[in-house]
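Coordinate analysis (summary)
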Amino acid sequence: DTAVSQTPKYLVTQMGNDKSIKCEQNLGHDTMYWYKQDSKKFLKIMFSYNNKELIINETVPNRFSPKSPDKAHLNLHINSLELGDSAVYFCASSQRDRGQFFGPGTRLTVL
Amino acid sequence: GIQVEQSPPDLILQEGANSTLRCNFSDSVNNLQWFHQNPWGQLINLFYIPSGTKQNGRLSATTVATERYSLLYISSSQTTDSGVYFCAVEWYGGSQGNLIFGKGTKLSVKP
């Protein structure tokens, strides 16, 4: 009965590769998000999706693209991976006035 | 943009002690949340508290929005309370749903 789930939990890949991280929520929430946590534990929002519409896009390289096949899923695609992309990526979801709930995170290591 | 400052940055407690963590923010906010990131990296939603006081077991939180601060109280601390505590706000002047995180308070509870 996991609320927000992500796969994979760990992802190790070479520079230049393209990879995807999947996220699913079974809470019936309207909005889903992707956050990046760097090596200093600082968390920063990357994207949010509401009803298949991108409503936030912070200063994120266009190599990163969110894809939402339906309301319960928001996948993160990353092209041409770079060393600096190594981080922990968290998916989250929310319903208005109830706060955000986070997935377990995906640790991405780019070699 | 809004600044979110947490104090103290580090805190070491003996099991059974009480503590208060503080979060100051520089502008009006729509929402405020407290999270606990455990040693396994999981982000746990503690409180959704844009104003007022809430309690959940040994933890309680108070937000005074007019004075731009929130407090998280931990009573009778246990070793399982160890980890990083984050305050995050949804800035009134920012994009809806965009959570801005503080740098966290790292708590270590010794047996």
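Note: the structure precedes this text.
In this report, we go over the structure that sits alongside the text.

Rules behind the numbers
- Residues numbered from 1 in each chain as written.
- Chains lettered and ligands numbered in written order.
- Predicted model: local features only at pLDDT ≥ 70, side-chain atom pairs only at ≥ 80, totals over all residues.
- Heavy atoms only, no water.
- Disulfide = S-S within 2.5 Å.
- Helix = DSSP H or I, 4+ residues; strand = E, 2+ residues; numbered from the N terminus.
- Buried < 20%, exposed > 50% of the residue type's maximum accessible area, 1.4 Å probe, protein only.
- Polar contact = N/O pair within 3.5 Å; in protein donor to acceptor, adjacent residues only side chain to side chain.
- Core = buried A, V, L, I, M, F, W, Y, C linked by side-chain atoms within 4.5 Å.
- Contact = heavy atoms within 4.5 Å.
- Buried area = accessible area lost by both parts, 1.4 Å probe.
- Pairing = 2+ DSSP bridges.

**Digging into the state of the cysteines**
Residue and element names in this part refer to chain A. Within this structure, the stated rule accounts for two disulfides over all chains. Disulfide partner of cysteine 23: cysteine 91, at an S-S distance of 1.8 Å. Across the disulfide from cysteine 23 to cysteine 91, rotation about the S-S bond amounts to roughly -75°, and the bridge is consequently left-handed. Of this pair, cysteine 23 sits in strand β3 (residues 19–25) while cysteine 91 is found in strand β9 (residues 87–94), placing the two residues 68 residues apart along the sequence. For cysteine 23, a relative accessible area of 1% puts it in the buried group.

**Notes on the environment of Gln37(B)**
Residues and elements named next belong to chain B. Here glutamine 37 shows up in strand β4 (residues 29–37). The class of glutamine 37 is buried, set by a relative accessible area of 3%. Note: C-alpha distance between glutamine 37 and glycine 104 (67 residues apart in sequence) is 9.4 Å. Within the structure, the side chain of glutamine 37 is placed 2.9 Å from the backbone oxygen of glycine 41, a separation counted as a polar contact.

**Some words on the nonpolar core**
By size, the foremost hydrophobic cluster in this structure holds 22 residues, and its most contacted members are Trp34(B), Leu72(B) and Val89(B). Only β2 (10–14), β3 (19–25), β4, β5 (43–48), β7 (59–64), β8 (69–74), β9 (83–91) and β11 (105–110) of chain B provide two or more residues apiece to this core. Dropping the residues within four chain positions of it, Val89(B) is found in contact with Ile2(B), Val4(B), Phe25(B), Val29(B), Asn31(B), Leu32(B), Asn98(B), Leu99(B) and Ile100(B). Residues Trp34(A), Ile78(A), Tyr89(A) and Val110(A) belong to the second largest nonpolar core, which totals 20 residues.

**A word on the interface of chain B and chain A**
Listed by partner, the interface residues are 17 residues for chain B and 19 residues for chain A. Between chain B and chain A, roughly 1,500 Å² of surface is buried when both sides are summed, and carbon and sulfur atoms account for 56% of that area. When the buried area of chain B at its contact with chain A is split by residue, Leu43(B), Tyr48(B) and Phe101(B) rank highest and sum to 31% of it. For the pair chain B and chain A, the number of links is three residue pairs in polar contact (both at pLDDT 80 or more). When contributions to the side of chain B that touches chain A are tallied by element, the ones reaching two or more residues are β4, β5 and β10 (99–101) of chain B.

**A closer look at the pairing of β9(A)**
Residue and element names in this part refer to chain A. Within β9, eight of the eight residues are buried, which leaves the element mostly enclosed by the surrounding structure. A two-sided burial pattern is seen for β9, the buried positions comprising Ala87, Tyr89, Cys91 and Ser93 on one face and Val88, Phe90, Ala92 and Ser94 on the other. Bridge count for strand β4 (residues 31–37) against β9 is seven bridges, and the pairing is antiparallel. Counted as the bridge partner of tryptophan 34 is cysteine 91 from β9. When β9 meets strand β11 (residues 106–110), the two strands line up antiparallel, connected through three bridges. Bridged to alanine 87 within β11 is leucine 108. Pairing between β9 and strand β10 (residues 100–102): three bridges, direction antiparallel. Of the residues in β10, the one forming a bridge with alanine 92 is phenylalanine 102. Linking β9 back to β10 in an antiparallel pair, the connection comprises five residues, with aspartate 97 at a positive phi of about 65°.

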